[in-house]
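Architecture at a glance
Here is what each chain is made of, one letter per residue.
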Amino acid sequence: MAKDDNLPLFETKSAKGRILFQIYSLLIFVGTCFIFAYRLSHIPAKGEPGRWAWMGLFFSELWFCFYWFVTTVVRWNPIYRNSFKDRLSHRYEKALPGIDIFVCTADPVIEPPVMVINTVLSVMAYDYPPEKLSVYLSDDGGSDLTFYAMLEASRFSKIWLPFCKKFEVEPRSPEAYFCTAVEPLGEPVLAKEWSTVKILIDGRDFEAVDIQGQPLPTLVYFAREKRAQYHHHFKAGAMNALIRVSSTISNSPIILNVDCDMYSNNSKSVRDALCFFMDEEKGNEVGFVQFPQAFENLTKNDVYSSSLNVTMEMEMPGFDGNGGPCYIGTGCFHRREALSGKKYNKNYKEDWKRWSNRSVEESTRVLEETSKVLASCNYEENTQWGKEIGLKYDSAVEDVLTGLAIQCRGWRSIYFNPKRKGFLGVAPTTLLQSLIQHRRWSDGDFKIFASRHCPFVLGYKKIPLKLQLSYCIYPLWAPTSLTTLYYVIVPSLCFLRGISLFPQISNPWVLAFVFVIFLHRAYSLGECILFGGTFKGWWNDQRMWLYRRTTSYFFGLLDYILKRLGFTKSTFVITTKVADDDVSQRYEQEVMEFGTSSPMFTILATLALLNAFCFFGGLKRVIADLETMVWEQFSLQILLCGLLVFINLPIYQGLFFRKDVASLSTSISYQSTIFALLACAIALY
């Protein structure tokens, strides 16, 4: 028994097969060195056609090489964690700390109340002492429908929670459970105010019990005050208000935040997280524990590449090996003190009894009135909230910036990816939703990189250099769009004009290009298959990789520039969590959804048509000169242009062959055709 008391609550293991990855990386590095040697030794002479195109291609390849280096740093030393919940229970079952759980919603149309209450009920039903759980719902939409749905959820919880515990139900979201399981055996009285805080279940109340007489978790509905003259700072503002309100009502040392569509899929997640916080040797330095983001509605071949499998299974463990994962905004357990701005001290030692012995004497009415003051729109005026305290403001990716700031204050972050996913959410079901989501991410990430919060500036001498480099993998999405656009457009136009930019097939230098291309893509395919993907899913991922780089990340960069110049202001676009039946049916059939008009669709269609025109126009030239073997000097350009045509088949179908409402509009067809023909004409003449 005493021996068990000295054992750690978690273990860390390095990934297997790293030697093979290091050999692969070395081979890619050698191959790229040969490519650069070819570029520098074969620069066209002044006045020779294609000189500037050649130089542009060289600089694009330099940038791709640098970005590959960053991704390699992330993948170099991934680590994986295991928790020992039995040891936790043995030592601390009677002294487990309180847990405050924050759920945020903003729009009852985009985020339906039924989805929200399923998430709330799933976290209320954790395998954890209910009297130590407090669940807070922040409703920035101030919706009566959401409030009354929560009221009904509080009543239903008296039946649902004992049912879950009696039958050990997983998952504990009612909708998710009854969709997979075999079928098993209020009145509106409150006036609408600018600000509501309503304690629906008070865990201190001895009468707050379920049908079996067991205590219920505290449940609080919260709609903060919002006025036009005060910036409410979107989700970050809601989270900070929740931190203040919860500090008055429950003040638990650990805070879990989840998006309203990310229901709990594993009732043991709280205990898993506490294994890291309460470990006697290393737990005191842990600021937050990040769980992976996973989705329940993915198609077999992941048509929009929304699974984030490689990110969650490889990149996040890589972050962890380099110093700690970034905070991704949901499915994250925080130490309240770290989230509230406290700096880590090596002499810091958490006194868990201090938190478990805390009691609140105020009445429910007094707590509600106090909370209204804390949630008022002017409470943060002339304070450090959003700067040094709580989540950071003025960023579309407040989560990433907040996590970086916590790490720079000395705290360690942990990535934990259990076999049974901790949380499941809803992935975008249309192409436009996916592109808009990545546009917001790339804009926010690049804003961090181009500010004083840049990992190399903010993290200087505070976090390891390899972690600073790891953080660059997402902020560099935006500038990478420019080199990708160059590579998609210029070689094809040069092929149409008869300008060769690569070594001919009989030239030994071609081996370097072929070797790097095929080895790099083969590794990408292997990585995809290893983490549960399919070959078609990998191909869909290549397509979405191209689409995002040429639209989402380009517009993200453009958004940043326009905001810096003062032409636009920051906005927060919520990803739609529901879809019409027709849209859902096409999504399940993996038919790409276009439908609405968007500048991003115009760009995609223009690039697709431009490459088609260049491919067939260039082939005509090659076939006409077949006797002179001119095709040899254009072999790689033919391959590149042909792949771009093949990968854009869904675009051609949407433009010319599909007649359903989800096809590309006639206006986009006309615009893209004109733009593509104009580009070809300029290249030729």
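Here the structure is shown first, and the text comes after it.
Conventions used here
Residues numbered from 1 in each chain as written. Predicted model: local features only at pLDDT ≥ 70, side-chain atom pairs only at ≥ 80, totals over all residues. Heavy atoms only, no water. Helix = DSSP H or I, 4+ residues; strand = E, 2+ residues; numbered from the N terminus. Rg over C-alpha atoms; globule rule 2.2 N^0.38 Å. Buried < 20%, exposed > 50% of the residue type's maximum accessible area, 1.4 Å probe, protein only. Areas by Shrake-Rupley, 256 points an atom, 1.4 Å probe, with all protein chains shown as cover. Lys, Arg positive; Asp, Glu negative; His and termini not counted. Charge placed at Lys NZ, Arg CZ, Asp CG, Glu CD. 1 Å grid on protein atoms, 1.4 Å probe; cavity = no way out; pocket = protein on both sides within 12 Å on 5 of 7 lines; lining within 4 Å. Points joined across faces, edges and corners; volume = space filled by probe spheres on them. Nonpolar A, V, L, I, M, F, W, Y, C, P; charged D, E, K, R; others polar. Pairing = 2+ DSSP bridges. Salt bridge = Lys/Arg side-chain N within 4 Å of Asp/Glu carboxyl O.

1. Concerning the overall build of the protein
Of the regular secondary structure elements, the protein holds 25 helices and 12 strands. The C-alpha radius of gyration computed for the protein amounts to 27 Å, which stays within 12% of the reference 26 Å derived for 685 residues, consistent with globular compactness. With respect to the principal axes defined by its C-alpha atoms, the protein has extents near 90 × 55 × 55 Å. Here the protein holds 685 residues, and the buried ones make up 58% of them. Total accessible area on the protein stands at roughly 30600 Å², and carbon and sulfur atoms take up 60% of it. Averaged over its 71 positive side-chain charges, the protein has a centre that lies 7 Å from the centre of its 67 negative ones.

2. Concerning the layout of surface pockets
A volume near 810 Å³ is recorded for the second largest pocket. If you go around the second largest pocket, you meet 37 residues; those closest to its centre are Trp 385, Gly 386, Lys 387, Lys 392 and Tyr 393. Secondary structure elements with two or more residues in the lining of the second largest pocket: helix H8 (234-249), helix H14 (398-408) and helix H15 (431-449). Grouping the amino acids of the lining of the second largest pocket by side-chain chemistry returns 11 nonpolar, 12 polar and 14 charged.

3. Things to note about the pairing of strand S2 (residues 79-83)
Of the two faces of S2, the one lined by Ile 79, Arg 81 and Ser 83 is fully buried and the one lined by Tyr 80 and Asn 82 carries no buried residue. Relative to S2, strand S1 (residues 10-14) runs antiparallel, the two sharing 5 bridges. By the bridge assignment for S2, Phe 10 is matched with Ser 83.

4. Regarding the pattern of salt bridges
In a structure, side chains of opposite charge can pair up when their charged atoms sit close to one another. For the structure on display, the rule yields 25 salt bridges. Measuring nitrogen to oxygen at the nearest pair gives 2.9 Å for the salt bridge that ties Glu 61 to Arg 39. With Glu 61 in helix H3 (residues 51-75) and Arg 39 in helix H2 (residues 18-41), this residue pair connects regions lying 22 residues apart in the sequence. Taking the relative accessible area as the measure of exposure, Glu 61 reaches 8% and is therefore buried. Across the pair Glu 313 and Lys 421 runs a salt bridge whose closest N-O atoms are separated by 2.9 Å. Placement of Glu 313 in helix H10 (residues 309-322) and of Lys 421 in the loop between strand S11 (412-415) and strand S12 (423-424) is noted, with a sequence separation of 108 residues between them.

5. Some remarks on empty space enclosed by the protein
Each pocket or cavity is described by its volume, and for the largest cavity that value is around 60 Å³. Forming the boundary of the largest cavity are Val 488, Leu 546, Tyr 547, Thr 550, Leu 604, Leu 607, Ala 608, Asn 611, Leu 644 and Asn 648. At the level of elements, helix H20 (535-564) and helix H22 (599-624) are the ones that each hand at least two residues to the lining of the largest cavity. Considering every element that reaches the lining of the largest cavity, the biggest residue donor is H22, with 4 residues. Residues belonging to the lining of the largest cavity are distributed by class as follows: 7 nonpolar, 3 polar and no charged. Quantified by volume, the second largest cavity comes out at close to 30 Å³. Taken together, Cys 326, Val 400, Asp 445, Tyr 471, Tyr 474 and Pro 475 make up the full set of residues lining the second largest cavity. Each residue belonging to the lining of the second largest cavity can be placed in one class, and the counts come to 5 nonpolar, no polar and 1 charged.

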